[in-house]
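# Observations on the three-dimensional arrangement
Listed here are the chains, written in short residue letters.
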Amino acid sequence: MNGFGCQTEARRRFLRMLISSPLFAGSHFLGSPLTNLLANNVVTGGKTDSVLDTIEQSDSVIASPDEALNVMDFEPAARKALPPAHFGYLATGVDDDGTVRANTEGYSRIQIRPRRLVDVEKVDMSVRLFGTTWSSPIVICPISDQKAFHAEGDIAVARAARAKDHLQIISTVATSSIEEVTAARGAPVWQQLYPTNVWEVGRAIVKRAEKAGSPAIVFTVDLQEGSNRETLFRAEQADKRKCTACHQSAYTGYARPKPGGASGGFAEFVARNPMFEGLDVSKVTSFRPIPMDWTFVKRLRDTVSVKLLIKGIVTREDAQIAVEHGVDGLIVSNHGGRAEETLRPTIESLREVVEGVEGKIPVLVDGGIRRGTDVFKALALGATAVGIGRPEAWGLAAFGQPGVEAVLEMLRRELRTIMRQAGTTSVERITRSYVVTRVS
Ligand SMILES: Cc1cc2nc3c(=O)[nH]c(=O)nc-3n(C[C@H](O)[C@H](O)[C@H](O)COP(=O)(O)O)c2cc1C
């Protein structure tokens, strides 16, 4: 999907639109969703073309993974590589993107209390999850439509996960099948599940994943339909290219196909995804079960013969109910701020979820993790492991597999550094006493 002929012109049109927008000059500019599309660009006003030149030639856009100093450096590189609508899909939150920002900002309210005079010559970052040891607690989150970011999509991510030995969770709407991803990873991956409104379809995805060796199914529960992804919608408006020039579907908002249209029906859109291949999806009208409630979890629990995790739990109450339903693990997540505008960082939800499960099952957390110190803080507050979403996709969009590898390597290096600095020689030793927090 990279290397679109019309990309530069589309980007120019897009930026012209942004710059001529009243938001750009207005006092609300810094709080607007558009900051996600312009973040890190040096915009001093003046002529559109000089702004474009700044962006095109900006020293802040890295030309290779080696030039990156931190994972944030990959974001402008991804923006540069992608057409506006695709970058908008990756960047978007909902409403004002406040929850996207809150997720990262939440970490800045937690301080680290390093201990001194500890021998840190050997630092062990490994974690055990359901009997498997991973060399780091950093997990690759499920991301849909990854071929919209790079032609090799999930396969490039799997190769990077293999090279760096990371656990990978693939999306139900991955652009490669679980068999292909597993082969590229060289080991089983976890399968994220959108079960759809048709039980047999969801069940078939579960059974296919189990057959492919997946040791865990991750049921995502935080997404109803209709999330107001304004940054995406603006980017789509600004991107005047015809979608069908590059790919078949002309649906808008990725998972929001226009119902009933000749090329935009939901079932038709679903059928094109590899994990739905061979299934009768003619009655699929939604990615979520209807109703999506605890009765469904019970039914799923009875069907899934491997580990079952729920992704998207953010409260103590739901954590307790999940344990009662025999769920094996939780991922504290708000879908990277893409579901609803709660303004509550996941790192603040982590504590109550950890309390809710009372140590009975592992709890992972994702959302806003951009630094090794963020990983450290999440572990200190009780996470067994952490997930990263956008940073992996930035690396992928900008440079393919080497970009993803660089992102993973960078976070590992930063985690190792803070573990040494704080005097924690293993993940188990990173306890609450290593942080001071004002989170509730
Ligand atoms: C472009 C994009 C697509 C996503 N697709 C899925 C998905 O298919 N299933 C899912 O459970 N979560 C999905 N997520 C959410 C991520 O798995 C993860 O929860 C989130 O990205 C973590 O926040 P971060 O991006 O700040 O690291 C997606 C996130 C992004 C950015």
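Scroll up a little and you will see the structure.
Cut-off values and rules
Residues numbered from 1 in each chain as written. Predicted model: local features only at pLDDT ≥ 70, side-chain atom pairs only at ≥ 80, totals over all residues. Heavy atoms only, no water. Axes fitted to C-alpha atoms, helices over the stretch in contact; angles between N-to-C directions. Helix = DSSP H or I, 4+ residues; strand = E, 2+ residues; numbered from the N terminus. Left-handed = near helix turned anticlockwise from the far one by under 90°. Contact = heavy atoms within 4.5 Å. Nonpolar A, V, L, I, M, F, W, Y, C, P; charged D, E, K, R; others polar. Phe/Tyr/Trp six-rings, centres within 6.5 Å; stacked < 30°, edge-to-face > 60°. Buried < 20%, exposed > 50% of the residue type's maximum accessible area, 1.4 Å probe, protein only. Lys NZ or Arg CZ within 6 Å of the ring centre and 35° of its normal. Near = heavy atom within 4 Å. Polar contact = N/O pair within 3.5 Å; in protein donor to acceptor, adjacent residues only side chain to side chain. Areas by Shrake-Rupley, 256 points an atom, 1.4 Å probe, with all protein chains shown as cover. Core = buried A, V, L, I, M, F, W, Y, C linked by side-chain atoms within 4.5 Å.

Here we take up the packing of helix α17 (residues 390-399) against helix α18 (residues 401-422). Contact geometry of α17 with α18 gives a least axis separation of 6 Å together with a crossing angle of 145°. Seen along the crossing, α17 lies across α18 with a hand that is right-handed. Listed contacts from α18 to P391, E392, G395, L396 and F399 of α17 are Q401, P402, G403, V404 and V407. Looking at the contact of α17 with α18 residue by residue, the class counts come to 6 nonpolar, 3 polar and 1 charged.

With that out of the way, let us pick up the packing of aromatic side chains. Scanning all chains against the criterion turns up 11 aromatic pairs. Aromatic pair F269 and F287: ring centres 6.1 Å apart, planes at 70°, arrangement edge-to-face. Of this pair, F269 sits in helix α12 (residues 266-271) while F287 sits in the loop between α12 and α13 (294-303), and the two are 18 residues apart along the sequence. Note on F287: relative accessible area 10%, which makes it buried. Both rings, one in F276 and one in F287, keep their centres 6.3 Å apart while their planes meet at 40°; by these two values the pair is tilted. Of the two residues, F276 is situated in the loop between α12 and α13 and F287 in the loop between α12 and α13; the sequence distance between them amounts to 11 residues. Ring pairing ties together the aromatic residues Y194, F266, F269, F276 and F287, which thus form one cluster. Note that R299 overlies the ring of W199, its terminal NZ or CZ placed 4.0 Å from the centroid. R338 extends its terminal NZ or CZ atom over the ring of Y89, reaching a point 4.9 Å from the ring centre.

The subject of this paragraph is the site of the ligand. In the vicinity of the ligand there are 24 residues, among which P142, S171, T220, D366 and R370 approach most closely. A distance of 3.1 Å separates a nitrogen atom of the ligand from a polar backbone atom of S144. Protein burial of the ligand: of its 610 Å² of free accessible surface, 99% is covered by the chains. Of all the elements in the fold, those that place two or more residues in the shell around the ligand are α6 (84-91) and α17.

Moving on to the nonpolar core. Formed by 121 residues in total, the largest nonpolar core has its most connected members in F74, F149 and L330. Here the element with the most residues in this core is α18; it accounts for 10 residues. Filtering out sequence-adjacent residues up to four positions away, F74 remains in contact with I62, P65, A68, W394, G395, A398, F399, G403, A406, V407 and M410.

The next thing to look at is unusual backbone geometry. For the bond running from I290 to P291, omega is -5°, close enough to zero to count as cis. Mapping P291 onto the fold places it in the loop between α12 and α13. In this structure, L117 takes a positive phi of about 55° despite not being glycine.

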